[in-house]
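Descriptive analysis of the structure
Given next are the chains, with one letter for each unit.
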Amino acid sequence: MDLSTSAAPLPNPQSAVTRRLAVAVGALFVAGVIAATGALLGIATQLDNDDVNDNRFYSARALENRITASKNYITSYAYWTSAYEHLSDVVDTNWAYTEQNMGKTLFTSDGYDGVFVLDRDKTKYAVIRGQLLETDIAGYLQASAPALVAQVQNQTDLTKPVNAYSLFEGWPALVTAAAIIPNDERPMDEPGKISVLVFVDKLTPTKLRKIGSGYGLNNLTLAPDGTIEPGQPRVPLDSTGYSLIADLDRPGQHLLWSLMPTLGTTLVVLMLLTAYFFRHAMRSSRYVDNSFSAMQASNQALETANRALEASEERFRAVAEAASDWIWEVDRDLDLTYLSARFGEVTGYPQAQWLGQDIGQLLSCDTTPLSLWLRTLSEESSAGDLRCTYRDQSGQPRHCRLSARPIFDGQEVAGYRGTASDITDEVAAHAQIQHLSMHDALTGLPNRNKLARYLDDALLLKEHAPPLSVLMIDLDNFKPINDSLGHPAGDAVLQEVAARLRECTRDQDIVARLGGDEFVVVLHGMDTHHEIDKFCTRLIGSLHQPVTFEHQPLHIGASVGIALSRRHGFVPAELIRCADIALYQAKSEGKNTWCYFEAHMSDQIQTRRQMEDDLRRALKNDEFVLHYQPRYKVDGKQIVSVEALVRWLHPTQGMIGPDVFIPLAEQTDLIVPLGRWVLREACETALAWPEDILLSVNLSPAQFALSDVVEDVREVLVQTRFPASRLELEITENVMLNDTDGALTTMNALKQLGVRLNMDDFGTGYSSLGYLRAYPFDGIKIDKRFIASISSGANDRAVVQAIIGLGKAMGLTVTAEGVETEEQLEILGKDQCNEVQGYFMSRPVDKTAFAQLLKVSKTVQPNHSRQRKGRVA
Ligand code: C2E
Ligand code: MG
Ligand code: MG
């Protein structure tokens, strides 16, 4: 499936994430800035608040200390017996001012702006800024002096001073008052009459700054309450309308101001960076958006590629698991250090059994020692293949192709590793192919190739080699068996023949099959005629025994042609050729015989071969003619039938009889077209003859085997319109010898065409009587050999009489052929033979002569002498 085209475009999750991330970072940045600013402001505010609190606290402390100091100081003056003595009632100004007990120094040294001694109703002593003045305190002090005196006098502990704030000369001052009492045990006046000492400490800015600096306060001063800014810490001085204030440090504000430029710059930079990041992120996001489709496509392509890769890996795994290869590794001593799991599966051995063992113990190579081969690899730093063998756990020999590569540790070879592919099947297949190329598949015998090799080797030393006899064997009767019973029967015969040939030979001999029914036996170290004759007798005897196929005995024979190395040469092909020629000779001499090659055979063979060629040509050139020989009633007068007999009008050799070329035509396939020609020619010719004359045509057994005789006959009858009832086919017993059932079927089919069947040459075959019963013959022709001797030997006549009797008993027309004499004719007449044929009545003549004969036979009187006259010689 093409995902890139079929999938709908999807929203890009990544670009959305990028956008969200950018917004989040922006928000985070703003939040961070706000938080940092808040924290900073908080710190600053806190610092400032602390500063305010400190300012107020220390201002108050400074004032309190001033008060405490003033109280202690006034006490040292008022709680003093001398002061009591000189200031109670009337003030001793001299003691007080002049003697400086309570005079100028209180202003110059101690800073008191006013020193007063008061009663409840008047000011008894007044020193203003060190100057003794006759004045009333009320003119200076805003606070009520009598109230202050009363407050002092009303105290339970008169030694304790009191203090108050009040304007003095219009400026706030610290007023401290104490009862002037003796500091001894003497009796005192009643409290209402006790004088009160008052120190006025005007809180001038100079004094305050001095006091404040002692407490770290800047610019401690007094300000009217209405002028003080809100937030400014202050210590109010009661009803004076003034408060004590000091400058605030404002560390928070300082901090803010000091950090402001740095913070501002940092903030600006961060903002710029954030803005840049934001823009970049958004642009990337847009870019990602734009290229998302492409990315999707490429992702899908990647996915497809990944799937392909996975599939490929899967395949590889499957292949690797299914493969017969196992992986091995050895160290530098060639001891096995690793064997893959496949090793166990292929060899049947547990891996552990071989680990640590020398690889040479496991594998061996018949062409080179394994160790040597491996070392060669390390020298050349290359890889290679070696065919090795080993025995698997079950003891079976196996083959493998070993590939190896050196393992390097730096420059040194640390070992070797490689694979071993099991090639046992391959080797077996190769061996089988080798075997098949050298052996015949059907019989398992060596074939022509193997024979050639054997002869090459055996004849290598020529005359120094042991003698060899080459026997070429051809089976007689094999072809009909094979053609009529089918290949299974033929195969069974060939296999049986192969077995018998092997049985007859010794180990040093060779039996080969060249093809078809041709075998060769090479006898090693045997070349005397005596020995070979003995062997051939045995061989032919063995092959003559019938071969049983499906409970049916099949009869074969053999012809043997023999060539001898010491006589006929040491060239294998030439020996075979000589044996072949000798075989040809043997076959032409008759079946079941053997023949040694003779030089002249070459010529004979040559002649026969020439004739074969000529025969082929003759068919094309229409060189055949038919002669006709009549058959008579036994009276020898009335022609009942005429037999067509073929002749060859050879352009150079003249007329050649069928006995010469029919066997040749039968050995080749020429008998088929020749037979068809004879049948057609005879029918066409006989059409012109009287209807009561039958036409006899000979059929060769080879025609039965090589063609569909029934169809051939039918075709000719149809095409020539010759009546089937006038046609008689002559068949010899040989046609039934091998394919008895097939022959029967064919003959029945022929009968169904409406033709007659005559058994020709009766008495020359094997088991004539059996055939007569089983087959649909209409008549028999007693072979001329019997007829030739009926007049001379009583025995033969008895045989002929028996045949005639039997034939007639079976309802067959009995013909005697080869009747050459009157005597023979008479005997046959006496013995009640049905019909006769022979030179005595008529030789075979050409069609014109036969037509003439027909005319004559109609006109002549039926007596022997006249008939003889009419006989055409
Ligand atoms: P056959 O069918 O038995 O034919 C009879 C043979 O005997 C013929 O020889 C004939 O000329 C010869 N003959 C006839 N009367 C006498 C006689 O009184 N004395 C002697 N000694 N011989 C006599 P021919 O024509 O040479 O034929 C020989 C054989 O050739 C035939 O024997 C037949 O088997 C075969 N033949 C001839 N023509 C054909 C043919 O067209 N087709 C086939 N398949 N075979 C044929
Ligand atoms: Mg015949
Ligand atoms: Mg005959």
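Residues numbered from 1 in each chain as written. Chains lettered and ligands numbered in written order. Predicted model: local features only at pLDDT ≥ 70, side-chain atom pairs only at ≥ 80, totals over all residues. Heavy atoms only, no water.

When helices and strands are counted, the protein shows 33 helices and 31 strands. When its C-alpha atoms are laid out on the principal axes, the protein stretches across 235 × 70 × 50 Å. When contacts within the protein are restricted to residue pairs at least 6 apart in sequence, those whose partners lie at least 24 apart make up 64%. Carbon together with sulfur atoms contributes 53% to the accessible area of the protein, which is approximately 44,100 Å² in total. Across the protein, the 82 positively charged side chains and the 110 negatively charged ones have centroids separated by 7 Å. (Helix = DSSP H or I, 4+ residues; strand = E, 2+ residues; numbered from the N terminus. Contact = heavy atoms within 4.5 Å. Areas by Shrake-Rupley, 256 points an atom, 1.4 Å probe, with all protein chains shown as cover. Lys, Arg positive; Asp, Glu negative; His and termini not counted. Charge placed at Lys NZ, Arg CZ, Asp CG, Glu CD.)

Turning our eyes to something else, we now look at the coordination of the magnesium ion (ligand 2). For the magnesium ion (ligand 2), the full set of protein donor atoms is Glu643 (OE), Asn698 (OD1), Glu730 (OE) and Asp760 (OD), at a range of 2.0 to 2.3 Å. Spacing between the donor residues of the magnesium ion (ligand 2) along the chain follows E-x54-N-x31-E-x29-D. Separating the magnesium ion (ligand 2) from the magnesium ion (ligand 3) is a gap of 3.9 Å, which Asp760 spans by donating to each of them. In this pair, Glu730 is assigned in strand 26 (residues 727-732) and Asp760 in strand 27 (residues 756-762), connecting sequence segments 30 residues apart. Across the pair, Asp760 and Glu730 agree in class, each one buried. (Donors = N, O, S within 2.8 Å, 3.2 Å for Na, K, Ca; no water. Buried < 20%, exposed > 50% of the residue type's maximum accessible area, 1.4 Å probe, protein only.)

Under perfect tetrahedral coordination by four donors, a metal shows angles of 109.5 degrees; under perfect octahedral coordination by six donors, it shows angles of 90 or 180 degrees. Bound to the magnesium ion (ligand 3) are the protein donor atoms Asp760 (OD), Asp761 (OD), Glu817 (OE) and Glu817 (OE), situated 2.1 to 2.6 Å from the metal. What makes Asp761 partly exposed here is its relative accessible area of 23%.

In this model, the second largest pocket occupies a volume close to 310 Å³. Elements that contribute at least two residues to the lining of the second largest pocket include exactly helix 2 (13-78) and helix 8 (251-290). Per element, the largest residue contribution to the lining of the second largest pocket is eight residues, and it comes from helix 8. The residue makeup of the lining of the second largest pocket, split by class, is 11 nonpolar, three polar and no charged. (1 Å grid on protein atoms, 1.4 Å probe; cavity = no way out; pocket = protein on both sides within 12 Å on 5 of 7 lines; lining within 4 Å. Points joined across faces, edges and corners; volume = space filled by probe spheres on them. Nonpolar A, V, L, I, M, F, W, Y, C, P; charged D, E, K, R; others polar.)

Below, the discussion takes up the UniProt feature "transmembrane region" (unreviewed entry) in the protein. When the UniProt feature table is mapped to this numbering, "transmembrane region" (unreviewed entry) covers residues 21-44 and 255-278. Helix makes up 100% of residues 21-44 and strand 0%. Its end C-alpha atoms lie 33 Å apart. (UniProt positions renumbered as here; feature names shortened; annotations may be inferred.)

What surrounds ligand 1 is a group of 22 residues, the closest being Gln629, Arg647, Asp760, Glu820 and Tyr839. One of the side-chain nitrogen or oxygen atoms of Asn698 is found 2.9 Å away from an oxygen atom of ligand 1. Between an oxygen atom of ligand 1 and a side-chain N or O atom of Lys784, the distance comes to 3.1 Å. For ligand 1, whose accessible area on its own is 780 Å², the fraction buried by protein is 85%. Elements with a contribution of two residues or more to the shell around ligand 1: strand 23 (639-650), helix 22 (658-667), strand 25 (694-699) and strand 27. The biggest single contributor to the shell around ligand 1 is strand 23, with four residues. Per-class residue counts for the shell around ligand 1 are eight nonpolar, five polar and nine charged. (Near = heavy atom within 4 Å. Polar contact = N/O pair within 3.5 Å; in protein donor to acceptor, adjacent residues only side chain to side chain.)

The next thing to look at is the pattern of salt bridges. For the structure on display, the rule yields 40 salt bridges. Here Glu303 and Arg307 are joined by a salt bridge, their closest N and O atoms 3.7 Å apart. Residue Glu303 and its partner Arg307 are both found in helix 9 (residues 292-322); the two are separated by four residues, about one turn of the helix. The partly exposed category is assigned to Glu303, whose relative accessible area is 42%. Residue classification places Arg307 among the partly exposed residues on the basis of a relative accessible area of 41%. Here Glu426 and Arg401 are joined by a salt bridge, their closest N and O atoms 2.9 Å apart. Of this pair, Glu426 sits in helix 14 (residues 424-438) while Arg401 sits in strand 13 (residues 397-409), placing them 25 residues apart in sequence. (Salt bridge = Lys/Arg side-chain N within 4 Å of Asp/Glu carboxyl O.)

With that settled, consider helix 20 (residues 572-589). Across its 18 residues, helix 20 extends 26 Å between first and last C-alpha, which sits within 8% of the 26 Å expected from 1.5 Å per residue. Taken from the residues just after helix 20, Gly590 is the one with a positive phi, measuring 130°. (Expected span 1.5 Å × (residues − 1).)

Bringing the domain arrangement of the protein into the picture now. Considered domain by domain, the protein is made up of domain 1 (79-203), domain 2 (323-422), domain 3 (429-597) and domain 4 (623-862). Between domain 3 and domain 4, the C-alpha centre-to-centre distance is 38 Å. The interface is formed by 10 residues belonging to domain 3 together with seven residues belonging to domain 4. Carbon and sulfur atoms make up 46% of the area that domain 3 and domain 4 hide from each other, which totals about 640 Å². The biggest single contributor to the side of domain 3 that touches domain 4 is helix 16 (residues 478-485), with six residues. Along the lines of polarity and charge, the residues of the side of domain 3 that touches domain 4 split into four nonpolar, four polar and two charged. (Domains from an automatic or database assignment. Buried area = accessible area lost by both parts, 1.4 Å probe.)

Let us now look at a negative patch on the surface. The grouping of Asp50, Asp54, Asp247 and Asp249 at the surface amounts to a negative patch. Relative to the helices and strands, Asp50 is located in helix 2. (Patch = residues over 30% accessible without salt bridge, like charges linked within 9 Å, V, L, I, M, F, W, Y side chains within 5 Å.)

Within strand 29 (residues 813-817), five of the five residues are buried, which leaves it mostly tucked inside the rest of the structure. Here strand 29 shows no split at all, with Thr813, Thr815 and Glu817 on one side and Val814 and Ala816 on the other all buried. Bridge analysis of strand 28 (residues 779-782) against strand 29 gives four bridges, and the strand direction is parallel. Paired with Lys781 across the strands is Thr815, a residue of strand 29. (Pairing = 2+ DSSP bridges.)

This structure, assessed with the given rule, holds two cavities of 30 Å³ or more. Approximately 50 Å³ is the volume attributed to the second largest cavity. Along the walls of the second largest cavity sit Gly675, Arg676, Leu679, Leu699, Gln703, Ser707, Val709, Asp712 and Val713, which together make up its complete lining. Looking at the lining of the second largest cavity, the elements that each hand over two or more residues are helix 23 (671-686) and helix 25 (709-720). Of the residues assigned to the lining of the second largest cavity, the class counts are four nonpolar, three polar and two charged.

Right, let's get into the packing of helix 23 against helix 25. Two quantities define a packed helix pair, namely the angle between the axes and the distance from one axis to the other. Where helix 23 contacts helix 25, the two axes come as close as 10 Å, and the packing angle between them is 30°. The pairing of helix 23 with helix 25 is recorded here as roughly parallel in orientation. Crossing of helix 23 against helix 25: the hand is right-handed. On helix 25, the residues touching Arg676, Leu679, Arg680, Cys683 and Glu684 of helix 23 are Asp712, Val713, Glu715, Val716, Gln719 and Thr720. Here the contact of helix 23 with helix 25 is composed, by residue class, of four nonpolar, two polar and five charged. (Axes fitted to C-alpha atoms, helices over the stretch in contact; angles between N-to-C directions. Parallel < 35°, antiparallel > 145°, perpendicular 65-115°, else oblique. Left-handed = near helix turned anticlockwise from the far one by under 90°.)

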